[in-house]
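Listed below, chain by chain, are the residues.
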Amino acid sequence: LKYQDTSTGGLVAEHRSGNGPCFAMTASLYNGIVCTGHGNGTVALWSPNASKPLLRMLAHKGPIACVATSPTAPWYWLSAGCDGIVKVWDIRAVREVCGWKPLICAPTSMAVSSTGLIALTTGNTVQVSQLSSQHANRPVPYLNGKCTPGARGNSLAFCPWEDVLAVGTTSGVETMLVPGAGVAQIDSRT
């Protein structure tokens, strides 16, 4: 894991994970902590200031397919294993909040909206789920969609402040409207 200063091009820090190949990585927009998912099922949280991971835990029994963080609740991190199981973690207590198997096979990408909706993609399927206090053991399905026939989804990103999910596919970028994904923000300057 290498941290580079984009203004000077200099290397800030370099860390060896010791967990084998890294299959997934994301960074928290809240505090800049980097989360890596490895082939041995380990998830590690990194900071450029520490030479060892801030937290290392065995999250899945097999390789990690993708990881994500919640923009509104930075203490919640998500991991998906190649077995298709998705888990939500509370890193304050280092415990699993919930786990479920939403798709037939492992997700290739995962994203969390500013309102807490969880989007997953595998093959040409996109599934959006919602965490609910009544269903604490697993999220409730919210929306299902398909990519263009023949295209496979391989990356996801919610547009900030909007109800739009961008889906990167093998044939380009597609968008889906996801009602309730964005935070309604009143622009009082106009």
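Description of the structure in this document.

Cut-offs applied
Residues numbered from 1 in each chain as written. Predicted model: local features only at pLDDT ≥ 70, side-chain atom pairs only at ≥ 80, totals over all residues. Heavy atoms only, no water. Pairing = 2+ DSSP bridges. Helix = DSSP H or I, 4+ residues; strand = E, 2+ residues; numbered from the N terminus. Axes fitted to C-alpha atoms, helices over the stretch in contact; angles between N-to-C directions. Core = buried A, V, L, I, M, F, W, Y, C linked by side-chain atoms within 4.5 Å. Buried < 20%, exposed > 50% of the residue type's maximum accessible area, 1.4 Å probe, protein only. Contact = heavy atoms within 4.5 Å.

Focus on the sheet that holds strand β6 (residues 55-58)
If you walk across this open sheet you meet the four strands as β3-β4-β5-β6, and the pairing is antiparallel. In the strand order of this sheet, the two ends are held by β3 (22-27) and β6, each with one partner. Looking at each pair of strands side by side, their axes are set apart by 15 degrees on average, direction ignored. Relative to strand β5 (residues 42-46), strand β4 (residues 34-38) runs antiparallel, the two sharing four bridges. Note on β5: the bridge partner recorded for Val 34 is Trp 46.

Concerning the nonpolar core
Val 126, Leu 156, Phe 158, Leu 165, Val 167 and Val 178 are the most contacted members of the largest nonpolar core, which totals 14 residues. Taken together, the elements giving at least two residues each to this core come down to β12 (117-122), β13 (125-130), β15 (153-158) and β16 (164-169). Setting aside residues no more than four positions away along its own chain, Val 178 makes contact with Leu 117, Val 128, Tyr 142, Leu 143, Phe 158, Asp 163 and Leu 165. In terms of nonpolar packing, the next biggest core, distinct from the first, is built from 13 residues, Ala 80, Leu 103, Ile 118 and Leu 120 among them.

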